[in-house]
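Residue-level listing of the chains:
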Amino acid sequence: MSQYKIIFTGPVGAGKTTAIAALSDIDPVSTDAWASDETQVRKPKTTVAMDYGAMRLDDGSTVHLYGTPGQERFDFMWDILTEGGIGLVLLIDNARPDPMRDLRFYMDAFKRFIGKTAVVVGVSRRDVKDDPPLEAYGDQLDQLQQSMVPVFEVDARNKRDISLLVEALLSVIDPVASV
Amino acid sequence: MEEIDVRRFELFVRHVPGFACHIVDEAEAEVAIIDVDHDLGAYMVQAHRMLFPGRPVMQLSSAGKFMRDKHAVCIEKPVTIEKFVSALEQSLRESDAAGRQADVGEPAPGHRATAISQDSAELRKAQFYVGSMPDLDPSDVAIRERAYYQPGIYLQGMFESARRFARANEAMTVLVHRGAPILKVGADGRSYASALDSRSLRSLAMIPLAKDDVRIMAGSVVKGEAWRAATPLVWDLALWAARGRIPGGTALDATIRLLRWPNLTRLALPPDAVRIAGLWSCRPSSLIDTANVLAIPQRNVFAFFSACQALGLLECAAPSPKPQTRSRESVTADAEPQRRGLFKRILGKLFGMAHGDAEPEHE
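Calculation rules
As a convention, each chain's residues are numbered from 1 in the sequence order in which they are written. Here the convention is simple: chains get letters from A, ligands get numbers from 1, in the order in which they are written. With the structure being a predicted model, the display of local features is reserved for residues of pLDDT at least 70 and the display and counting of side-chain atom pairs for 80 or more, all residues being used for whole-chain, interface and lining totals. Here the side-chain values reflect all heavy atoms present in the structure, with hydrogen atoms and water set aside. Numbering goes from the N terminus for both helices and strands, where a helix is a DSSP run of H or I of at least four residues and a strand is a run of E of at least two. Working definition: with a 1.4 Å probe on protein chains only, accessible area under 20% of the residue-type maximum means buried, over 50% means exposed, and in between means partly exposed. The contact criterion used throughout is that any non-hydrogen atoms of two residues lie within 4.5 Å. Areas reported as accessible are Shrake-Rupley estimates using a 1.4 Å probe. Residue values count occlusion only from the protein chains shown. Note on pairing: DSSP must find at least two bridges between two strands before they are called paired. Every case where a carboxyl oxygen of Asp or Glu lies within 4 Å of a side-chain nitrogen of Lys or Arg is listed as a salt bridge. Lines fitted to C-alpha atoms define the axes here, with helix axes fitted over just the stretch in contact, and angles between the N-to-C directions of these axes take values from 0 to 180 degrees. Accessible area that two parts lose when put together, evaluated with a 1.4 Å probe and summed over both, is termed the buried area. Under this definition, polar contacts are N or O atom pairs within 3.5 Å; protein pairs additionally need one hydrogen-donor-capable and one acceptor-capable atom, and for neighbouring residues in sequence, both atoms have to be side-chain atoms. Put simply, angles under 35 degrees are roughly parallel, angles over 145 are roughly antiparallel, angles from 65 to 115 are roughly perpendicular, and the rest are oblique. Left-handed describes a crossing whose near helix is turned anticlockwise from the far helix by less than a right angle; the clockwise case is right-handed. Two rings from Phe, Tyr or Trp (for Trp, the six-membered ring) form a pair when their centres are within 6.5 Å of each other. A pair whose planes differ by under 30 degrees is stacked, one over 60 is edge-to-face, and the rest are tilted.

As for the overall build of chain A
And step 1. What chain A contains, in helices and strands, is 6 helices and 7 strands.
And step 2. Each helix and strand of chain A, ordered N terminal to C terminal, gives the series β-α-β-β-β-α-β-α-α-β-α-β-α.
And step 3. Here chain A holds 179 residues, and 58% of them are scored as buried.
And step 4. For chain A, restricting intrachain contacts to residue pairs at least 6 apart in sequence, the fraction spanning at least 24 positions comes to 68%.
And step 5. Surface summary for chain A: the accessible area is close to 7500 Å², and the carbon and sulfur share equals 50%.

Overview of the overall build of chain B
And step 1. Within chain B, the regular secondary structure consists of 13 helices and 12 strands.
And step 2. Looking at chain B alone, contacts between residues at least 24 apart form 70% of all its contacts between residues at least 6 apart.

Details of the pairing of strand β4 (residues 62–67) of chain A
Residue and element names in this part refer to chain A.
And step 1. Of all 6 residues that make up β4, 6 are buried, and the element is covered over most of its length.
And step 2. Residues of β4 alternate between two faces, with Thr-62, His-64 and Tyr-66 on one and Val-63, Leu-65 and Gly-67 on the opposite face, all of them buried.
And step 3. Bridge count for strand β1 (residues 3–9) against β4 is 6 bridges, and the pairing is parallel. The partner of Lys-5 across the bridge, within β4, is His-64.

Here we look at the pattern of salt bridges
And step 1. Counted under the stated rule, the structure contains 26 salt bridges over all chains.
And step 2. The closest approach of N and O atoms between Asp59(A) and Arg345(B), which form a salt bridge, is 2.8 Å. Of this pair, Asp59(A) sits in the loop between β3 (45–56) and β4 while Arg345(B) is found in helix α13 (residues 337–351), placing the two residues in two different chains.
And step 3. Ionic pairing is found between Lys111(A) and Asp108(A), a salt bridge with its closest N-O pair at 3.5 Å.
And step 4. Connected through salt bridges with shared partners, the residues Arg126(A), Glu153(A), Asp161(A) and Arg266(B) form a single ionic network.

So, the sheet that holds strand β1 (residues 32–35) of chain B
To summarise the sheet geometry, strands pair through backbone hydrogen bonds and adopt either a parallel or an antiparallel arrangement.
Residue and element names in this part refer to chain B.
And step 1. With respect to topology, 3 strands assemble into an open sheet ordered β1-β2-β3, the strand pairing being parallel. Pairing within the sheet leaves two strands with one partner each, and these edge strands are β1 and β3 (72–76). When the angles between neighbouring strand axes are averaged without regard to direction, this sheet yields 25 degrees.
And step 2. With 5 bridges connecting them, strand β2 (residues 57–61) and β3 associate as parallel partners. Bridge pairing links Gln-59 to Cys-74 in β3.
And step 3. Together, β1, β2 and β3 form the strand contacts of helix α2 (residues 41–51), whose direction differs from that of β1 by roughly 160 degrees.

So, unusual backbone geometry
And step 1. For the peptide bond that leads from Asp131(A) to Pro132(A), omega is 10 degrees, which places it in the cis range.
And step 2. Considering the arrangement of structural elements, one finds Pro132(A) in the loop between β6 (119–124) and α5 (134–143).
And step 3. Omega for the peptide link from Lys77(B) to Pro78(B) comes to 0 degrees, which places this bond in the cis form.
And step 4. Located in the positive-phi region is Arg243(B), a residue other than glycine, with phi close to 40 degrees.
And step 5. Relative to the helices and strands, Arg243(B) resides in the loop between α8 (230–242) and β10 (246–247).
And step 6. One non-glycine residue, Ala295(B), adopts positive backbone phi at about 55 degrees.

Some remarks on the interface of chain B and chain A
And step 1. Tallying the contact residues gives 41 residues for chain B and 44 residues for chain A.
And step 2. Both faces considered, chain B and chain A share a buried interface measuring about 3700 Å² in area, 63% of it formed by carbon and sulfur atoms.
And step 3. At the boundary of chain B with chain A, the tally comes to 7 salt bridges.
And step 4. Among the ionic pairs, Glu153(A) bridges to Arg266(B), the shortest N-O distance being 3.7 Å.
And step 5. Along the contact surface separating chain B from chain A lie 11 residue pairs in polar contact (both at pLDDT 80 or more).
And step 6. Secondary structure elements with two or more residues in the side of chain B that touches chain A: β11 (255–258), α9 (273–282), α10 (287–294), α12 (328–332) and α13 of chain B.
And step 7. Ranked by residue count, the leading element in the side of chain B that touches chain A is α13(B), at 12 residues.

So, the environment of Val154(A)
And step 1. Mapped onto the secondary structure, Val154(A) falls in the loop between β7 (151–153) and α6 (159–173).
And step 2. According to the relative accessible area criterion, Val154(A) is buried, its value standing at 4%.
And step 3. In this structure, Val154(A) is in contact with Leu91(A), Gly122(A), Val123(A), Ser124(A), Arg125(A), Asp161(A), Ile162(A), Leu165(A), Thr265(B) and Arg266(B), ignoring residues within four places of it in sequence.

Overview of the packing of helix α3 (residues 99–109) of chain A against α5(A)
Residues and elements named next belong to chain A.
And step 1. Look at α3 against α5: their axes get within 11 Å of each other, and the N-to-C directions meet at 40 degrees. Regarding the angle of α3 to α5, the classification is oblique. Note on packing geometry: the crossing formed by α3 with α5 is right-handed. Judged by residue contacts, Pro-99, Met-100, Leu-103, Arg-104 and Met-107 of α3 engage Ala-136, Tyr-137, Gln-140 and Leu-141 from α5.

Concerning the packing of aromatic side chains
And step 1. Summed over the entire model, instances satisfying the criterion amount to 16 aromatic pairs over all chains.
And step 2. A centroid spacing of 5.6 Å and a plane angle of 35 degrees characterise the contact between Trp78(A) and Tyr106(A), whose relative ring orientation is tilted. Here the residue Trp78(A) occupies a position in helix α2 (residues 78–82), and Tyr106(A) occupies one in helix α3, the gap between them amounting to 28 residues.
And step 3. Classification of Trp78(A) as buried rests on a relative accessible area of 4%.
And step 4. Taking 5.3 Å as the distance between ring centres and 80 degrees as the angle between the ring planes, the aromatic pair formed by Phe12(B) and Phe84(B) counts as edge-to-face.

Shown next, in the form of structure tokens:
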């Protein structure tokens, strides 16, 4: 059976593990460990290798959902994880100290993959901190010459939000293909 | 209607003898009940008629303000059980006569099964945003005029005027309709407050308003008012006024490009919005081409255009001197058939068959 994958990335605590759980048909596999570094401040356990979930489609094929580890020191894994991926879902935690820096960092880190596929940005935790506003992400993406990237406010626990992000990702890659 | 009034009314209808009545979402109802003595009663009846043309409407009034048409069932207040039962029987005969009963199996004794299937309820929800206008032949000048509406005569345009007034005067602004304040706009034009519920606002937004009925003036903040971001309301007002049409003056063959994606997880989602946005963000297209390429009704494209236009998210380039209509085949020729099927299956998995009708809670 055919195998496909969608990659979820973003900083620690942005909701990658939760977003994958929202879509997955299997119990998501998380390689969480007790954080021993500054990550402790954000969440006591964090993903140190990757998250994994799977969506089983009606023709028997599987879409694998991979979440990258949030800590930047694991970035050596990102190229491996993205190999053959359909596209990238970038989750940014609006409550972190500098979400614009996070956006720039991940857009740059995955530049090659994004160039070959597409990216959508989900901004989480706006209920905790509503500044910067969503427009600031659009402005930042303009500066990165990525104006056409969809940016949605999301609650990673909400399946509809994450599904819409994925739909936008597919629509950007090929709006006609989903007919 | 206030929540407590809904609960009281629910208690009342549950005890109507011989019927199993429930208050349901308006898209699923067999019969609507509208108090036409309400300030906006006439608007509510008209708006309901636009959304659900064949549905019987029980109109309640003590002042004889009934808006009679062939689907009106009038009840003089006070409403007694006997009057209600009689009106309900008449309404249900209307409903049956209109051939709206779906095959949902035998109802239990004493229970009337709902006549509205889930699918038709979904279709009706989609119609909230796009109406039911059939596709137009763009070469027929007379017919294509039907695609247009004038935002300025709807609440959409008046709210926009109030926002401009607020910004120009740096003052909290009130939009008054027939002497009653219906919307307040913050001094920066980015927030609003309203005492009206979303259904009343929708009723007002769907019907052209007489200019003399509306006034815009400086106001003041009242303690306890709930202020909300204006963006979702601007979006909704455009969808409700447009109902599958486009603002007057829009060239059907202009090339549309999306400048920014709307925040679709927090806005009402008209049918096919995500796919249209995807197309306009990577392959700017005319309105007619968009409908052709995506194989969707023009009204879905027009509705999304009107809402995006209201938020300033679009760029319309002048039509090319030699317009070439793109077909679906010309655009999809290079698409990978395998990928096409995959995307369809993923979306089917995520949303099921019905999609593009959900309304997020932003009010």
